[in-house]
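Each chain, written out:
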Amino acid sequence: MKWLNNIPMRRKLTVVILMTCSSVLLLACGILAVYQILDYRKMVARDLSVLAEVMAQNTQGAIAFDDQSQAQETLAALRSEPSVAGACIYDDHGVVFATYLDPGRHIRLPGHPRNDGVKFEADGLMVFHPIFLNNKRLGTLFIQYDLTGLHDRILLFGGIAALVLIGSCLVAWLLSALLQKPVSGPILNLADTVQLIAEREDYSIRAPCSGDNEVARLAKSFNRLVAGIEERDRTLRSSNEALQGEITERKAANDRVHSQLTRLEMLNRITRAIGERQDLRSIFQVVIRTLEDHLPLDFCCVALYRPEENVVVVTSVGVRSEAMAMELALTEKSVVPIDQNGLSQCVQGRLVYESDIRGSEFPFPKRLAGGGLAAMVAAPLLVESQVFGVLVAGRRQPDSFSSGECEFLRQLSEHVALAAHQAQIYTALQQAYDDLRQTQQAVMQQERLRALGQMASGVAHDINNAISPVALYTESLLENEPNLSPRARNYLETIQHAIEDVTHTVARMREFYRQRDTQLALVPLQLSPLVQQAADISRARWSDMPQQRGVSVEMKMELAPELPAVMGIESEIREALVNLIFNAVDAMPTGGSITLRTRMVAPPPDSNGSRGSVAIEVVDTGVGMDEDTRRRCLEPFFTTKGDRGTGLGLAMVYGTIQRLNAGIEIDSVLGKGTTMRLCFPIPHAQGGGPRPSAGRFSIPSRQRILIVDDDPLLIKSLRDALETDGHIVTPANGGQAGIDTFQSAQAAGEIFDVVITDLGMPNVDGRRVATAIKHASHSTPVIMLTGWGQRLNTEGDIPPCVDQVLSKPPKLKELREALAQCVQHQNQL
């Protein structure tokens, strides 16, 4: 009964008295009610048993003579009993013989008799009484008695009990109100005294006490207790007043120390964060975000100072300050002029704090005040006595920045300035390093190209000597054998194309690092036939050889018809395409498809009158290249094929494209394939006809020719070709042998009409041979046949005693033209 603890004492006593009286009366009424109910049930059962006995005797004859109407009339006499709801008679077989039902009630009679006796059930009181005649049971009488009378009696008794209970409680309440005052009064007075002392905290108040009972003794004891507390309170108050000042001072000092430690921790955290970053924007964003979250600030930004323009440019704005920055027009890259106060002092290296800028007339503080800010701090970003930026912080409340926060912002600006300066130095060093690395790469690539050119120059002579006989015999067979089969002639023409390609290759191996050779004569070309020729020449590489390994490579042609002609060299373009096809095959170790495509490329919008270009694309479905490989694949000696590659294929293609003023593009996706694209510009004026000839000449015959060379195979092939034209040829193996042969013939009166000599020979080279010939016979023409022929003509380094220079491998047409010019020159002399 916790609810009793929360009510006043007077009510509590009244409630206790009322509950006690009510409980006693309820218990007494309950006992009487139970007794009345039990007595009434016993009386009703007795009366019903008597009625059943009388009705059983009255119906004996009707049942015995099976007179249902008589039995029915006998049961109808029960109408005089209002409490009888119904009755029926069962014969000895348990079948209903006669019934009686009260018209005002709706009951359901049992279908068969039950055990004899009186029973109280929910429907009322039921009695089953046997009917005997001469000790023979004729049937059973059933009577159902309505207990409405019992209920009415209970209600009447309950009403009387309620009136008695209410009256008793009213009397008890009046008596308790009069008699509880002597008990509750002193206790309530003591409680009021305690409450008054607690509210006023005045321990001089005393509780009234009279008499010598328990409550009076309690009040006296309480008064003594309060007197002691009053004395101790006076002592504590004096001590507390002495300590309060010290506590207040210590608390203020502790708050200052805590704030300083918090700001130092924030400064340390910001310093660590910006120390890990190397770009200005990231450094400024970390600083601003930390200040907005932990200082906190309503507005924060960083602006860089431009002294030459006397402005600051907003570089970074806080995330929470973006809305206000839009309103104040202080978004990133906004230019703010330096005013005469605030910013002007800040860019001179001084911290500026404006406690209330709402009345300021200067432009920048006035702009901040227009956005709702009232206090502003501007801290300079100072490095080596030079201000390069300003940190601006603002709050909406005036006088909202403490001296500690201003000092913190000043220290933070120094750290930020140092980190920003280091970031600028790092950026400058990184840029310098990148420039140096690019320069080194360019120098290294140039050195590689130069080394490759020097290597090529060293082997060009030997290669040209080796293929010269093949070139001479091939050209001689094509020219002098009319009965060759088409197949044989096709083979010889293919050999001739291959020789020309090799010739140009060895010439370019030492020259491809140059922009362009002046001796290259570009002629109009159709690219689609060259693509087809390159595919035919390389068929063994992309068809037969992969099939031997069980790999299938499919070649697809997408050649555009009627493409405009471009300027170039047929052999070089064909060789470049062959190299690209070889690389495409190597990039597909498990097979795939190669697509050779020619198409027009429209000029860009800002092409300044360009007619566009013709593109050749070599597309494979191979392994592809990553970005680093794609960037370096054109470098000489760079290869991804291991020992199988030399790293010169794409470098030579690149050199060829550079010399032809064309472009190369590489598109590659790792795992999906590569597209190599060669773009040849379309010239404005094209010469569609054949190249003009140098002029008609007659082939001289019966010339006495001295051939000086150290390669016997070349001497033999050159002798056979010249003798086929009807010349008389004398060979000499080596430079000294050539000089001796010429002098011996001159002494014998057999003058040579022409001398053909090599340049590079052991002991006595071609220059000394030419000089000796000219000294012996000034009018004898000297033709120098050498692998460095193009370089000598291009660089103007023709020896002084040499009349003409031809390149190896020699061509019959060029050789005959040179002999004709020599004969013509001799005739003019």
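Here the structure is shown first, and the text comes after it.
As the structure is a prediction and not an experimental result, all values here were calculated from the model.

1. Quick look at empty space enclosed by the protein
- For the structure shown, the criterion picks out three cavities of 30 Å³ or more.
- In this structure, the largest cavity is lined by C301, A303, V312, V314, L330, V336, L343, F364, V390 and V392.
- Of all the secondary-structure elements, those providing two or more residues to the lining of the largest cavity are strand 6 (299-306), strand 7 (311-317) and strand 11 (386-395).
- A per-class count over the lining of the largest cavity returns ten nonpolar, no polar and no charged.

2. Re the pairing of strand 5 (residues 136-145)
- Within strand 5, eight of the ten residues are buried, which leaves the element mostly enclosed by the surrounding structure.
- Sheet topology places strand 1 (residues 84-91) next to strand 5; seven bridges connect them, and they run antiparallel. Across the sheet, residue D91 finds its bridge partner in strand 5, namely G139.
- With nine bridges connecting them, strand 4 (residues 124-133) and strand 5 associate as antiparallel partners. In the sheet register, V127 faces strand 5, and the bridge partner there is I143.
- Once strand 4 ends, the chain turns through two residues before running back antiparallel as strand 5, passing N134 with a positive phi of about 55°.

3. A short note on the pairing of strand 15 (residues 592-601)
- Across seven bridges, strand 13 (residues 553-559) lies against strand 15 in parallel orientation. Looking at the pairing, E558 lines up with R597 of strand 15.
- Pairing between strand 15 and strand 16 (residues 613-620): eight bridges, direction antiparallel. Within the sheet, the bridge partner assigned to I594 lies in strand 16 and is D620.

4. Re the sheet that holds strand 2 (residues 96-101)
- An order of 2-1-5-4-3 is seen for the five strands of this open sheet, with the pairing classed as antiparallel. At either end of the open sheet lies a strand with only one pairing partner, and these are strand 2 and strand 3 (117-121). Strand-to-strand, the axes of this sheet are offset by a mean angle of 15°, without reference to chain direction.
- In this fold helix 3 (residues 68-76) packs onto strand 1, strand 2 and strand 5, with an angle of close to 30° to the strand it touches most, strand 2.

5. Details of the packing of aromatic side chains
- One pass over the full model with this rule turns up three aromatic pairs.
- Summarising the aromatic geometry, the rings of F128 and F142 are spaced 4.8 Å apart at their centres and angled 35° between planes, so their arrangement reads as tilted. Taken together, the residues F128 in strand 4 and F142 in strand 5 connect sequence positions 14 residues apart.
- With a relative accessible area of 0%, F142 lands in the buried category.
- With a centroid separation of 6.1 Å and 25° between ring planes, the pair formed by F742 and F752 is classed as stacked. Linking F742 in helix 19 (residues 735-747) with F752 in the loop between helix 19 and strand 21 (754-757), this pair joins segments that are ten residues apart in sequence. F752 matches F742 in its accessibility class, with the two residues each being buried.

What counts as what
Numbering of residues begins from 1 in every chain and follows the order in which that chain's sequence is written. Under the rules for a predicted model, residues below a pLDDT of 70 receive no local features and side-chain atom pairs below 80 are neither given nor counted, while totals for whole chains, interfaces and linings still include all residues. Neither water nor hydrogens contribute to the side-chain values; these are computed over all heavy atoms in the structure. Here a cavity denotes a set of grid points, spaced 1 Å apart and computed over the protein atoms alone, in which a 1.4 Å probe fits but from which it cannot get out, and a pocket denotes an open set meeting protein on both sides within 12 Å along at least five of seven lines; residues with an atom within 4 Å of a point are reported as lining. Grid points are joined across faces, edges and corners, and a volume is the space filled by probe spheres set on the points. In DSSP terms, a helix is any run of H or I states spanning at least four residues, a strand is any run of E spanning at least two, and both are numbered starting from the N terminus. Only Asp, Glu, Lys and Arg are considered charged, only Ala, Val, Leu, Ile, Met, Phe, Trp, Tyr, Cys and Pro nonpolar, and every remaining residue, Gly among them, polar. Relative accessibility decides the category of a residue: with a 1.4 Å probe and only protein chains considered, values under 20% of the type maximum give buried, values over 50% give exposed, and everything between is partly exposed. By the convention used here, strands pair only if DSSP detects at least 2 bridges between them. Only C-alpha atoms enter the line fits that serve as axes; for helices the fit covers just the stretch in contact. Angles between N-to-C directions range over 0 to 180 degrees. Contact between two residues is taken to exist if any of their heavy atoms lie within 4.5 Å; hydrogens are not considered. Pairing of aromatic rings covers Phe, Tyr and the six-membered ring of Trp, with a centre-to-centre limit of 6.5 Å; geometry is then stacked below 30 degrees between planes, edge-to-face above 60, and tilted otherwise.

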